[in-house]
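Residues per chain, in single letters:
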Amino acid sequence: MKTLYETTVINTGGRSGEVHSPDNIFNLEVAAPSSLGGNATTETNPEQLFAAGYSTCFNSALEFMLKRHSVEIESSKVTATVRLGTDAKDQGVKLEVDLTVHVEGLDLDTTKKYVEMAHSYCPYSKAISGNVDVKIDVV
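These numbers were taken from a predicted model, which means no experiment stands behind them.

A. Looking closely at the sheet that holds strand β1 (residues 10-12). A sheet is described by the order of its strands in space; here three strands give the open sequence β1-β2-β3, paired in antiparallel fashion. On the outer flanks of this sheet lie β1 and β3 (27-29), each paired with one strand and no other. Between one strand axis and the next, the sheet turns by 15° as a mean value, whatever way the strands run. Relative to strand β2 (residues 18-20), β1 runs antiparallel, the two being bridged by three bridges. Pairing of Thr12 across the sheet is with Glu18, part of β2.

This is the structure:
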């Protein structure tokens, strides 16, 4: 692999701690959500961070594919819903993701075509392929 970008983020304290980059440009408190035994807080959690990263990366991959094929749009929006749940197979935990994609200025069938291309191109989609169930809904 030829590296195009690299970043490092450090966590201390697990779900009841913080994450930061070595230069402290990125610095967030993290906390377990109340559904996982935490207290209601304004801190973020790993699933929110994953949803933010995946939705952003997927939308960028979609815009890249549209531009590569000279398709002009008004706007695009990708919503990622990340669930953490129990895995009946191994009694552990696993992630599931729903992506909802909307492209303003493009018909539904054409949008679906480019969403499939983006899913094949997106590094997040590639990284979790076969490990995380991803459902994509084009609206």
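B. Spotlight on the pattern of salt bridges. The tally for this structure, following the rule as stated, stands at four salt bridges. Across the pair Arg83 and Glu96 runs a salt bridge, and its minimum N-O distance is 3.3 Å. Linking Arg83 in strand β4 (residues 75-86) with Glu96 in strand β5 (residues 93-104), this pair joins segments that are 13 residues apart in sequence. Residues Lys94 and Asp133 are paired through a salt bridge, measuring 3.2 Å at the closest nitrogen-oxygen approach. Here the residue Lys94 occupies a position in strand β5, and Asp133 occupies one in strand β6 (residues 133-138), the gap between them amounting to 39 residues. Classification of Lys94 by relative accessible area gives partly exposed; the value is 24%. The exposure class assigned to Asp133 is partly exposed, which follows from its relative accessible area of 45%. Three or more residues joined by partner-sharing salt bridges are found here, namely Arg83, Glu96 and Asp98.

C. Representation of helix α1 (residues 46-68). Spanning 23 residues, α1 covers 32 Å between terminal C-alpha atoms, matching the ideal 33 Å at 1.5 Å per step. Measuring from the side-chain oxygen of the N-cap residue of α1 to the backbone nitrogen of Glu47 gives 3.0 Å; that N-cap residue is Asn45. At the C-terminal side of α1, Ser70 shows a positive phi close to 55°.

D. Broad picture of the pairing of β5. Pairing geometry for β4 and β5, over 12 bridges, is antiparallel. Looking at the pairing, Lys77 lines up with His102 of β5. Hairpin remark: β4 followed by β5, antiparallel, with six residues in the connecting loop; positive phi at Gln91, about 65°. Relative to β6, β5 runs parallel, the two sharing six bridges. Bridge assignment links Val101 to a residue of β6, and that residue is Val138.

E. Spatial organisation of the packing of aromatic side chains. This structure, assessed with the given rule, holds five aromatic pairs. Centre to centre, the rings of Phe50 and Tyr124 are 5.7 Å apart; their planes meet at 50°, and the pair counts as tilted. Taken together, the positions of Phe50 in helix α1 and Tyr124 in helix α3 (residues 123-128) put the pair 74 residues apart, joining distant regions of the chain. Three or more aromatic residues link up through ring pairs in this structure, and these residues are Phe50, Tyr54, Phe58 and Tyr124.

Rules and cut-offs
- Residues numbered from 1 in each chain as written.
- Predicted model: local features only at pLDDT ≥ 70, side-chain atom pairs only at ≥ 80, totals over all residues.
- Heavy atoms only, no water.
- Pairing = 2+ DSSP bridges.
- Helix = DSSP H or I, 4+ residues; strand = E, 2+ residues; numbered from the N terminus.
- Axes fitted to C-alpha atoms, helices over the stretch in contact; angles between N-to-C directions.
- Salt bridge = Lys/Arg side-chain N within 4 Å of Asp/Glu carboxyl O.
- Buried < 20%, exposed > 50% of the residue type's maximum accessible area, 1.4 Å probe, protein only.
- Expected span 1.5 Å × (residues − 1).
- Polar contact = N/O pair within 3.5 Å; in protein donor to acceptor, adjacent residues only side chain to side chain.
- Phe/Tyr/Trp six-rings, centres within 6.5 Å; stacked < 30°, edge-to-face > 60°.

Just distances and angles here, no functional claims.
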